[in-house]
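What follows is each chain in one-letter form.
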Amino acid sequence: GQHGLRLGQPRLSARRLGLRRLFGRAQMSAYRPGLHGLLDLYGCPAVLLRDAAALEGAMRAAAQQAGATILSAHFHTFGAGGGVTGVLLLAESHITIHTWAEHSFAAADIFLCGSLKPETAAQSLQTALRAQSATWREYPRGERLFDAA
């Protein structure tokens, strides 16, 4: 069978989880898990996009500038002249990157929980990777988390 989310499954409500009783209604309605941003970087020097150590350094600096706590990192280079994929696991979620050095392009995913601002990390990455242009999209996560069931 298929794995993953099935349409029509009941979603967990705050009431089912017992969170209203624990946290109180006022705090619950204001809480959101965080912001998830997608960053496309164009016109980056290919030499940077092939350098896993440089990318890790740029991502660590971005996480620190955003106030995040780094738990671990893992990076993989796709052969001679290839791009890199990497992840920083954060106490507040994650920052990932995948690069296409042959196209001078990098795609980053920045999800930060609580009040941290992923745009701070995005601006840091854009500068560090010397992107000629960038596209940033930001999505609030858990908007319906505490809807009435």
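For the structure, check the block above.
Being a predicted model, the structure only gives us computed values, none of them experimental.

A. Quick look at the overall build of the chain. When you go through the chain residue by residue, the secondary structure sums to six helices and six strands. Its helices and strands in sequence order give the chain the pattern α-α-α-β-α-α-β-β-β-β-α-β, from N to C terminus. Out of the 149 residues in the chain, the part that is buried amounts to 36%. Roughly 8900 Å² of accessible area belongs to the chain as shown, and the carbon and sulfur atoms make up 54% of that amount.

B. Local environment of the packing of aromatic side chains. Taken as a whole and assessed by the stated rule, the structure comprises two aromatic pairs. Considering the side-chain rings of Tyr42 and Phe105, the 5.1 Å spacing of their centres and the 45° angle between planes classify their relative orientation as tilted. Placement of the pair is Tyr42 in strand 1 (residues 34–42) and Phe105 in strand 5 (residues 105–113), with a sequence separation of 63 residues. On the numbers, 5.4 Å between centres and 40° between planes, the contact of Trp100 with Phe105 is tilted. With relative accessibility at 17%, the residue Phe105 sits in the buried group. Here a set of aromatic residues connected by ring pairs shows up, and it is made of Tyr42, Trp100 and Phe105.

C. Representation of the packing of helix 5 (residues 52–65) against helix 6 (residues 118–128) in the model. In the contact formed by helix 5 and helix 6, the axes pass within 8 Å of each other and the chain directions differ by 150°. On the basis of their axis angle, the class for helix 5 and helix 6 is roughly antiparallel. Along this stretch, helix 5 crosses helix 6, giving a crossing that reads as right-handed. Side by side, helix 5 and helix 6 meet where Ala58, Met59, Ala61, Ala62 and Gln65 of the first sit next to Thr120, Ala121, Ser124, Leu125 and Ala128 of the second.

D. Fine view of the sheet that holds strand 6 (residues 133–141). The sheet built from six strands is open, its strands ordered 2-3-4-5-1-6 with antiparallel pairing. In the strand order of this sheet, the two ends are held by strand 2 (70–77) and strand 6, each with one partner. When the angles between neighbouring strand axes are averaged without regard to direction, this sheet yields 10°. Direction of pairing for strand 4 (residues 93–100) relative to strand 5: antiparallel, over a ladder of eight bridges. When the sheet's bridge partners are listed, Ser93 is paired in strand 5 with Leu112. The sheet contacts of helix 5 involve strand 2, strand 3 (84–90) and strand 4, and relative to strand 2 the element is tilted by about 155°.

Definitions and cut-offs
Residues numbered from 1 in each chain as written. Predicted model: local features only at pLDDT ≥ 70, side-chain atom pairs only at ≥ 80, totals over all residues. Heavy atoms only, no water. Helix = DSSP H or I, 4+ residues; strand = E, 2+ residues; numbered from the N terminus. Buried < 20%, exposed > 50% of the residue type's maximum accessible area, 1.4 Å probe, protein only. Areas by Shrake-Rupley, 256 points an atom, 1.4 Å probe, with all protein chains shown as cover. Phe/Tyr/Trp six-rings, centres within 6.5 Å; stacked < 30°, edge-to-face > 60°. Axes fitted to C-alpha atoms, helices over the stretch in contact; angles between N-to-C directions. Parallel < 35°, antiparallel > 145°, perpendicular 65-115°, else oblique. Left-handed = near helix turned anticlockwise from the far one by under 90°. Contact = heavy atoms within 4.5 Å. Pairing = 2+ DSSP bridges.

Read these as geometric descriptors, not functional statements.
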